[in-house]
Amino acid sequence: MSTPVKAGEPEKRRLTKAGRKTRERIVETAAELMSHRGAGGTSIPDIQAAAGVSASQIYHYFGDKQGLVLAVIDHQTDAKLAQQRPLLDSLDSIEALREWCDRAGDRQDAMGCEGGCEIGSLASELAERDQSARTGLAAAFDRWEDPIRSGLARMQARGELSESADIAALATAVLAAIQGGMLLSQVRRSSTAYRQAVSAVIDHIESHLVR
């Protein structure tokens, strides 16, 4: 499984330990604020005050607000994928797919289905306004979809999934069901829509199993 190089990685490798901690604090603070206010509703002064840093430090580490937004996209993607591991790396059976999706539904229930998906929320806000952010978000969803596709490919390689099954299309369908289901669950304050959407897609994948 290939791992795309994320924005800002060369710069991060050149930072001192103290510099890395400061940068991480800024990104974490910005991510928290943007999750509640949106990227457009979060200003540099807001982040300065919450993180206890100067504007010059923010511009030093990120260049401008757009650079900080890209770093937030990477941060939220890392957090979202880490939250789903180790299940995310073992999606090579119908049972594993169902357990992975059920766990996500349980997390939604625990939060009262509030907040939605951090990556999806950023995509809704930024995809049509900021080309760099749209590209970063596309890469974020690719990182999420990649382990789904890899798990399905392993099933196919073992002869469990039909050779005619379109692995790439099925992986995209799973991710689309997750995103759409999360949005409806957020609006309706119930995980039912999410669970129904992902279950329908997994049922479709199951129909491709070699009996």
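Predicted, not measured: the structure shown is a model, and the values here were computed from it.

Undergrad: Describe helix H9 (residues 167-188), listing the residues and the values that go with them.
TA: Taking 1.5 Å of rise per residue, the 22 residues of H9 would be expected to cover 32 Å, and the 31 Å separating its terminal C-alpha atoms lies within 8% of that figure. Among all positions in H9, only Ile167, Leu170, Ala171, Val174, Leu175, Ala177, Ile178, Gln179, Gly181, Met182 and Ser185 are buried. Where H9 is buried, its residues contact helix H6 (94-110), helix H7 (118-126), helix H8 (131-157) and helix H10 (192-206). In this structure Asp166 caps H9, since a side-chain oxygen of it lies 3.3 Å from the backbone nitrogen of Ala168. Of the residues trailing H9, Arg189 is marked for its positive phi of about 55°.

Undergrad: So what's going on with the environment of Glu28? Which residues, and what values?
TA: Relative to the elements of secondary structure, Glu28 occurs in helix H2 (residues 17-37). It is 8.7 Å that separates the C-alpha atoms of Glu28 and Ala51, two residues lying 23 residues apart in sequence.

Undergrad: Now, about the side chain of Gln84: what can you tell me, with residues and values included?
TA: Structurally, Gln84 is set in helix H5 (residues 65-84). Overall, the relative accessible area of 5% leaves Gln84 in the buried class. For Gln84, the contacting residues outside a window of four places in its chain are Trp100, Arg107 and Trp144.

Undergrad: Which residues make up the confidence of the model for the protein chain, and what are the values?
TA: The predicted model of the protein chain has a mean per-residue pLDDT of 91, with 94% of residues at 70 or higher. Per-element confidence in the protein chain ranges from a low mean pLDDT of 52 for helix H1 (residues 9-14) to a high of 97 for H10. Counted against residues more than four places away or in other chains, residues 1-10, with its pLDDT under 50, gives eleven contacts.

Undergrad: So, the packing of aromatic side chains: which residues are in play, and what are the values?
TA: Counted according to the given criterion, the structure contains two aromatic pairs. The interplanar angle of 10° and the centroid separation of 6.4 Å between the aromatic rings of Phe141 and Trp144 together place this pair among those described as stacked. One end of the pair, Phe141, and the other, Trp144, are both in helix H8, three residues apart, so they sit about a helical turn from each other. Trp144 gets classed as buried once you look at its relative accessible area, which sits at 1%.

Conventions used here
- Position labels on residues start from 1 in each chain and follow its written sequence.
- At least 70 in pLDDT is required for a residue's local features to be given in this predicted model, at least 80 for side-chain atom pairs to be given and counted, and no such filter applies to totals for whole chains, interfaces and linings, which use all residues.
- As a rule here, side-chain values come from all non-hydrogen atoms in the structure, and water together with hydrogens is ignored.
- What counts as a helix is a DSSP run of H or I of at least four residues, what counts as a strand is a run of E of at least two, and both are numbered from the N terminus.
- For a helix, the expected span equals 1.5 Å multiplied by the number of residues minus one.
- Relative accessibility decides the category of a residue: with a 1.4 Å probe and only protein chains considered, values under 20% of the type maximum give buried, values over 50% give exposed, and everything between is partly exposed.
- The contact criterion used is simple: two residues touch if any of their non-hydrogen atoms lie within 4.5 Å.
- Between N or O atoms, a polar contact is any pair within 3.5 Å; within protein, one atom must be a potential hydrogen donor and the other a potential acceptor, and residues adjacent in sequence are included only when both atoms are from side chains.
- Known as pLDDT, the predictor's confidence for each residue is given on a scale from 0 to 100.
- Planes of paired rings set the category: under 30 degrees apart is stacked, over 60 is edge-to-face and the rest tilted, where pairs are Phe, Tyr or Trp rings (Trp by its six-membered ring) whose centres lie within 6.5 Å.

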